[in-house]
Every structure is written in structure tokens, then in C-alpha cells.
Amino acid sequence: MSETRSKPLLFEKYPDLEGKIPWMKLVPTQTPVKKLTKLEDKLGINSLWVKCDDITSPLYGGNKSRKMEFIYADALNQNYKKILTAGTIGSNQCVANAIFCDQLKLKPVAVMMDQPVSTFVRDNLLLDLYYKTEFYYPINAIPKTDDFYYMVVGCSNPLGTLGYIDAAFELKNQVDNGEIPEPDYIFVPTASAGTAAGLTLGIKLAGLKTNIHAIQVSYSRDCNFRAIRRLSNRTIKYINSFGNTISDITFEHLHYNEEYYGIDYGIPTPECIEAIKILKNGEDIILEPTYSGKTFAALLGFVHKNKPNIKNKTIIFWNTFNSRDFTDIIKQVDYHDLPKELHWVFEEPLPDYRF
Ligand SMILES: Cc1ncc(COP(=O)(O)O)c(C=O)c1O
């Protein structure tokens, strides 16, 4: 059952925060948890689930919407009309910003850097264009004005991280309602750290015993265990600045895993390609190769290594990738209308990954 949301569960648990922390609704209902029964049979385990954050918003699913509920509210409170964010040329964050700005009558601005090209990258650039993004590329072409609200990379500041504390409270609700057993493990990708930091903190604040397996999908300089811990701690301080007294947490339940990253951001490993195929053929769930594919590969690796001991444990794959279909929109857009510096993305051959 997907319960309607009227305000974040965070505000129910900490009523002092309501009215002080900016928030607006972008995620209309709790996202479902679904049991992956066909895959359980194949893998010989009994309690494998997906948390469907691929459908967080009817406009655009994935993990951004939960964080953006707080970020746009902050921008609108300050009367900004332009929202600038930064990411790679295939950034889901830039697409999410473009789509929500369209809805909120704001202007999306994107500062972009390179990444390996794929169909996902091309499609995202076409969506950015369709939703009227103002592009700054290459990265040194930063706008000269300061009339924009800066939405940090991945929305991973303490304000955005609240979105995934709230997601952990939502999961706790689903456990309490008997929709899913108390999870033993959550597998989630980590890049700018907000998703993993929010869940790591939220799981503790919700009183769940769950272990978080944060799977590295981006450069280790910024993406590492310390980054998640630091952001969790900054978020505690931020919440406490409103007069609450949340105690510091310990991090023994956070497991950082860099084994499935491979050679670079956005380059799929053979395990990632195999994992994408397994989920598509087994459960008809579509993943992508940069974040969710590598994370599901890590989950499969964990199951294979630990099967006798985890047969009856509850494992959640947290799906952070949008599953709304934009095929019809993408067909209407011509890459020649992008700034000419970006045309190479559509003119060089695509790698031949077979998912
Ligand atoms: C689909 C998807 N999953 C996971 C992530 C990583 O989330 P975070 O940046 O909060 O670590 C991203 C971030 O760009 C993403 O687009």
C-alpha cells in the first residue's frame, strides 16, 4: 500500500522542525516495497526486496525528488527564479532539476563536466534541452551572474540529506505496518553521499537494526566512507541547530564497498552488465550502468559469498534510478539544438554494451 504523504515523517518525529525547515511536496506517496520472488527462487534466498524509489514522483522518479523537496522550498522561500546545479553531461540531477523547474516555473541552469558517453547520457542531455536548461559547458564556462540559487551537487548538503532520513522513517512505517520484515541489509549506491548518509542516520533514528551497504559508484576522492560519515554528522548538527538534541550516532552499521566500482565513473563492469540483465530478465526492472547496475552487482556478489548464512535474512535493493518513460519526449528533440560544444556526444560512436 502506498500511503499519501501530507508532510515529512521527520516533522512528526521532531515537531520543532516544522515551519523552521523549508519543505514542499514533490513525492506524493510513500514508495512501495516489493518482494522479488522470482529472483529469490533463482538465488535460493527467501526475503529479497526492492524499495521503489524509481517512482518517487510522477514527474521524475529516482533519488533526487526526496532531497529536492527541501531544496526547492529553500530556494522559493528566498524568491530565487533560477536554479543552478552541476553534474556530468549525463547527470540525473540536472534532468531532475530541469523537470521540477518546469513544473515550478523556474529556470534550470546546468554546469557540466564530461563522462563516458552512453545512450543514458545522450537521453539525459536531450531531456535537459527539452526542459529548457541553460547550459554551461565545458565546466570553466561558469555563469558570471549570481542571481541563481546554487543547488549543490547531488543535493548532498544537510538540507537535502533530510530527504533520506525521511525515507528511512518511511521504511520503518512499512515495517511497522507489516509490509516488509525488518530489513537486515540495504544496498544503495553512493556518489555525492546524501542518499547513503540520510539512510545511515535515518535507520539509527528510526531504531532499525539494518546494515547499510553503500556501494561506491564515483571517484574515491569524494566518494568514500568518511564522506558519508561527515555528512551524517553535519546533518545531526543542522537538525540540532533548531533546538533538538539528537545524539551522535555510531557507524558500525555502515559498510562501504569499493569492489564493484571498476575502472571509472560511468563505465560498466562485466558484473554490472550481468546484474542489469538478471534483474531485467528476472523481474522486469530496468537499471542503468553508472549507479544502480553496479549496486545490484554488489548485492548479488554479497548473496553468493554469504548464502548459507543469509538465506532467511531480509535484503533490500534501494532503486534510486528513475523509471518514468521519456521515450516520446526524447524523440521530439534534435541534438543540433544543444550548444555546439556538446554535439560530439552524439557524433562519436557509442560503446557496445549488451544489457
Ligand atoms: C540514479 C542514481 N543513483 C544514485 C545516485 C547517488 O546518490 P548520492 O549522490 O546521493 O550518493 C545518483 C546520483 O547522482 C543517481 O543519479
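Relevant structure appears above.
Summary of the structure given here. Computed from a prediction, not measured in an experiment: that's the story for all the values here. (Residues numbered from 1 in each chain as written. Predicted model: local features only at pLDDT ≥ 70, side-chain atom pairs only at ≥ 80, totals over all residues. Heavy atoms only, no water.)

Quick look at the pattern of salt bridges
Alright, step 1. Scanning the model with the defined rule gives 17 salt bridges in all.
Alright, step 2. The closest approach of N and O atoms between E69 and R5, which form a salt bridge, is 2.8 Å. Placement of the pair is E69 in helix α3 (residues 64–77) and R5 in the segment before α1 (9–13), with a sequence separation of 64 residues.
Alright, step 3. Take E69: its relative accessible area is 1%, and that puts it in the buried class.
Alright, step 4. For the salt bridge of E18 with K7, the shortest nitrogen-to-oxygen distance reads 3.0 Å. One end of the pair, E18, is in the loop between α1 and β1 (33–35); the other, K7, is in the segment before α1, with 11 residues separating them in the sequence.
Alright, step 5. Looking at K7, the relative accessible area reads 27%, which means it is partly exposed.
Alright, step 6. Look at the salt bridges and you will find they share partners, linking K51, D53, R66 and E170 into a network. (Salt bridge = Lys/Arg side-chain N within 4 Å of Asp/Glu carboxyl O. Helix = DSSP H or I, 4+ residues; strand = E, 2+ residues; numbered from the N terminus. Buried < 20%, exposed > 50% of the residue type's maximum accessible area, 1.4 Å probe, protein only.)

Digging into helix α10 (residues 292–310)
Alright, step 1. Over its 19 residues, α10 runs only 22 Å from end to end, short of the ideal 27 Å by more than 12%, given 1.5 Å per residue.
Alright, step 2. Along its length, α10 reaches its greatest deviation from straightness, about 55 degrees, at H304, and the proline P308 lies no more than four positions downstream. (Expected span 1.5 Å × (residues − 1). Bend = angle between axes of the 7 residues up to and from the residue.)

Quick notes on the site of the ligand
Alright, step 1. Near the ligand lie 15 residues; those nearest to it are K67, A191, S192, T195 and T320.
Alright, step 2. One of the side-chain N or O atoms of T320 is found 2.6 Å from a nitrogen atom in the ligand.
Alright, step 3. Here the ligand, which alone exposes 390 Å², has 96% of that area covered by the protein.
Alright, step 4. The set of elements that each furnish at least two residues to the shell around the ligand consists of α3, β7 (185–190) and α7 (194–206). (Near = heavy atom within 4 Å. Polar contact = N/O pair within 3.5 Å; in protein donor to acceptor, adjacent residues only side chain to side chain. Areas by Shrake-Rupley, 256 points an atom, 1.4 Å probe, with all protein chains shown as cover.)

A few points about unusual backbone geometry
Across the chain, the bulk of peptide bonds are trans and the bulk of non-glycine residues have phi less than zero.
Alright, step 1. Here the residue pair Y137 and P138 is connected by a cis peptide bond, since its omega of -5 degrees sits within 30 degrees of zero.
Alright, step 2. If you trace the backbone, P138 turns up in the loop between β5 (134–136) and β6 (148–151).
Alright, step 3. Although it is not a glycine, K132 adopts a positive phi angle of roughly 65 degrees.
Alright, step 4. The residue K132 is located in the loop between α5 (119–130) and β5 in this model.
Alright, step 5. In this model, D284 sits at a positive phi of 60 degrees, which is unusual for a non-glycine residue.
Alright, step 6. Along the chain, D284 falls in the loop between α9 (270–283) and α10.

Points about the environment of L199
Alright, step 1. Following the sequence through the fold, L199 ends up in helix α7.
Alright, step 2. You can call L199 buried: its relative accessible area is 0%.
Alright, step 3. When the C-alpha atoms of L199 and I212 are compared, they prove to be 7.6 Å apart, with 13 residues separating the residues in sequence.
Alright, step 4. For L199, the residues in contact, after removing those within four places along its chain, are Y164, A167, A168, I186, V188, I212 and W318. (Contact = heavy atoms within 4.5 Å.)

Things to note about the nonpolar core
Alright, step 1. One finds L10, Y72, L125, L171, I186, L199 and W318 to be the most contacted residues of the largest nonpolar core, which totals 88 residues.
Alright, step 2. Residue assignment places this core across two domains, with domain 1 (9–63 + 157–318) and domain 2 (81–146 + 328–347) each supplying three or more.
Alright, step 3. Residues within four places of Y72 in sequence aside, it is in contact with M24, L26, I83, A96, N97, F100, C101, L104, L106 and M151.
Alright, step 4. By size, the runner-up hydrophobic cluster in this structure holds 27 residues, among which are L43, A275, F296 and I310. (Core = buried A, V, L, I, M, F, W, Y, C linked by side-chain atoms within 4.5 Å. Domains from an automatic or database assignment.)

Looking at a positive patch on the surface
Alright, step 1. A surface patch of positive charge is lined by R226, R229, R230 and R234.
Alright, step 2. By secondary structure assignment, the location of R230 is in helix α8 (residues 225–240). (Patch = residues over 30% accessible without salt bridge, like charges linked within 9 Å, V, L, I, M, F, W, Y side chains within 5 Å. Lys, Arg positive; Asp, Glu negative; His and termini not counted. Charge placed at Lys NZ, Arg CZ, Asp CG, Glu CD.)

Quick word on the packing of α3 against helix α6 (residues 158–176)
Alright, step 1. Contact geometry of α3 with α6 gives a least axis separation of 6 Å together with a crossing angle of 140 degrees. Judged on the interaxial angle alone, α6 and α3 are oblique. In this structure, the crossing between α3 and α6 has a hand that is right-handed. Along the contact surface, α3 presents R66, K67, F70, I71 and D74, while α6 presents L159, G160, L162, G163, Y164, A167 and E170.
Alright, step 2. Class assignment for the residues of the contact of α3 with α6 results in 6 nonpolar, 2 polar and 4 charged. (Axes fitted to C-alpha atoms, helices over the stretch in contact; angles between N-to-C directions. Parallel < 35°, antiparallel > 145°, perpendicular 65-115°, else oblique. Left-handed = near helix turned anticlockwise from the far one by under 90°. Nonpolar A, V, L, I, M, F, W, Y, C, P; charged D, E, K, R; others polar.)

Remarks on the sheet that holds strand β10 (residues 315–318)
Alright, step 1. Strand order in the open sheet made by the 6 strands is β1-β2-β10-β7-β8-β9, with mixed pairing throughout. Sheet topology places β1 and β9 (254–257) at the edges, where each strand pairs with a single neighbour. Taken over all neighbouring pairs, the strand axes of this sheet differ in orientation by 25 degrees on average, direction set aside.
Alright, step 2. Summarising the sheet, strand β8 (residues 211–216) and β9 pair through 4 bridges and their orientation is parallel. The partner of H213 across the bridge, within β9, is H255.
Alright, step 3. Running over the sheet, α6 touches β1, β2 (48–51), β7 and β10 and is turned about 140 degrees from β10. (Pairing = 2+ DSSP bridges.)

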